[in-house]
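# Coordinates in review
Listed below are the residues making up each chain.
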Amino acid sequence: MVRNRRWTFRPSCSCGGDEVGYLSRFPGGSAEKIPEIEYLWAAETGNTSVRCIDTDGLGYVYSGATDGTVRKFDKGGREVWCCLLEFPSINKLVAGVACNSDGSELRATCVDSTHRAIKDGLEIWRYTGAGNVSAVIDGEYSYSGKVGMVYKHSATGDTIFSVSGAKGSCLAVDVGGNVFGAGTGGGLTKLDQDGLILWSESVWSGSTFYCISITPAGDICVGGLGNRLMSLSRDREEIWRRMTPVGGSIRGISPDSDENIHVMTQSGQYTKVNKCGF
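Reference entry: report on the structure contained in this document. Note that the coordinates shown come from a computational prediction; the quantities given were computed from them, not determined experimentally.

About the criteria used
Residues numbered from 1 in each chain as written. Predicted model: local features only at pLDDT ≥ 70, side-chain atom pairs only at ≥ 80, totals over all residues. Heavy atoms only, no water. Pairing = 2+ DSSP bridges. Helix = DSSP H or I, 4+ residues; strand = E, 2+ residues; numbered from the N terminus. Contact = heavy atoms within 4.5 Å. Disulfide = S-S within 2.5 Å. Buried < 20%, exposed > 50% of the residue type's maximum accessible area, 1.4 Å probe, protein only. Salt bridge = Lys/Arg side-chain N within 4 Å of Asp/Glu carboxyl O. Axes fitted to C-alpha atoms, helices over the stretch in contact; angles between N-to-C directions. Core = buried A, V, L, I, M, F, W, Y, C linked by side-chain atoms within 4.5 Å.

### Quick word on the pairing of strand 26 (residues 270–273)
Inspection of the sheet shows strand 25 (residues 261–265) paired to strand 26 by four bridges, in the antiparallel sense. Across the sheet, the residue bridging to Val263 is Thr271, located in strand 26. Hairpin connection, strand 25 to strand 26: the antiparallel pair is bridged by four residues, and Gly268 has positive phi, about 90°.

Next up, the structure:
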């Protein structure tokens, strides 16, 4: 889950045939594209691609990558620790990472359908049979998701509920503990804290959503395939929809305290959209 902070990751690039990952931090502002933004730091993560990111309230950054690593960086971009997770096959993708506000709880959702807890750079437990795409944490509970499924986990990793028929490719939780999931077919699902599906429907036919966030006002913002960005009320009433001016599918969105939406695309472009979609 990406909270209301202006952080993101720069997608991997090809360098001499090797895939090199980068993690970058830059300040928010009116600039629309990455080349126009002043970088505060950039950390190289080796021959891998960073696929997910989260930040805590203390300014630390957590990333998950294609080589099975989860890393923690401090405010200056220095690596605090690197946790290499074990996988049963060659595919070692860490698809989602999520931490709480003080960084004391960190969860990783992995391609092998495991939901894992990491503390001080060490894996302390894993639950098998969970989601394999997304992760979000809310208080003592955490959530994992995949296409058509949403899971809720206890502080020790046990599954509290697993709900089929719910969009789970990306997840967000509001202040009331309701879970919002989005995914293929432009689908959006809302579940209550007990896992009851309150509603589930397609809000943008033909689209696929890759990211979702809840604004401070409680509105839902989703982004995805073909630079599509959409804002809805908590009861799924459309507020606006836009095709953003930056190219490529939207892979990250983060609302700030002024209701602006910070958007990052798969091609590494950044833009800021106000609460009216402009």
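### Some words on the environment of Gln193
Tracing the backbone through its elements, the reader meets Gln193 in the loop between strand 18 (187–191) and strand 19 (197–202). Distance from Gln193 to Phe161, taken between C-alpha atoms, is 9.6 Å for residues 32 residues apart in sequence. Residues in contact with Gln193, not counting those within four places in the same chain, are Lys152, Phe161, Gly176, Gly177 and Asn178.

### Points about the state of the cysteines
Under the definition given, this model contains zero disulfides. Cys211 supplies the cysteine sulfur nearest to Cys221, a cysteine that is in no disulfide, at a spacing of 7.7 Å.

### A few points about unusual backbone geometry
For residues other than glycine, phi is negative in most cases, and the peptide bonds are mostly trans. The phi dihedral of Asn227 is positive, around 45°, even though this residue is not glycine. The phi torsion at Arg236 lies on the positive side, around 65°, for a residue other than glycine. Tracing the chain through its elements places Arg236 in the loop between strand 22 (228–232) and strand 23 (238–243). Residue Arg236 is classed as partly exposed on the basis of its relative accessible area of 30%.

### A short note on the pattern of salt bridges
This structure, assessed with the given rule, holds eight salt bridges. For Asp112, the salt bridge is made with Arg116, and the minimal N-O distance between the two is 3.0 Å. In this structure, Arg126 engages Glu123 in a salt bridge whose closest nitrogen and oxygen atoms are separated by 2.7 Å. Assessed through its relative accessible area of 36%, Arg126 is described here as partly exposed. In this structure, a network of salt bridges that share partners links the residues Asp112, Arg116, Glu123 and Arg126.

### Topic: the sheet that holds strand 16 (residues 170–173)
The sheet built from four strands is open, its strands ordered 16-17-18-19 with antiparallel pairing. If you trace the sheet from one side to the other, it starts and ends with strand 16 and strand 19, each paired once. Strand-to-strand twist in this sheet, taken as the mean axis angle between neighbours without regard to direction, amounts to 15°. Sheet analysis places strand 16 next to strand 17 (residues 179–182), joined by four bridges and oriented antiparallel. Its bridge partner being in strand 17, Val173 is matched across the sheet by Val179.

### Describing the nonpolar core
Within the largest apolar cluster, 15 residues are counted, with the highest numbers of intra-cluster contacts made by Ala182, Leu188, Ile212, Ile220 and Val222. Where this core is concerned, the elements lending two or more residues are strand 16, strand 17, strand 20 (209–214), strand 21 (220–224) and strand 22. Counting residues per element, this core draws most heavily on strand 20, at three residues. The next biggest cluster of nonpolar side chains, apart from the first, holds 14 residues, and it includes Trp81, Cys83, Cys99 and Cys110.

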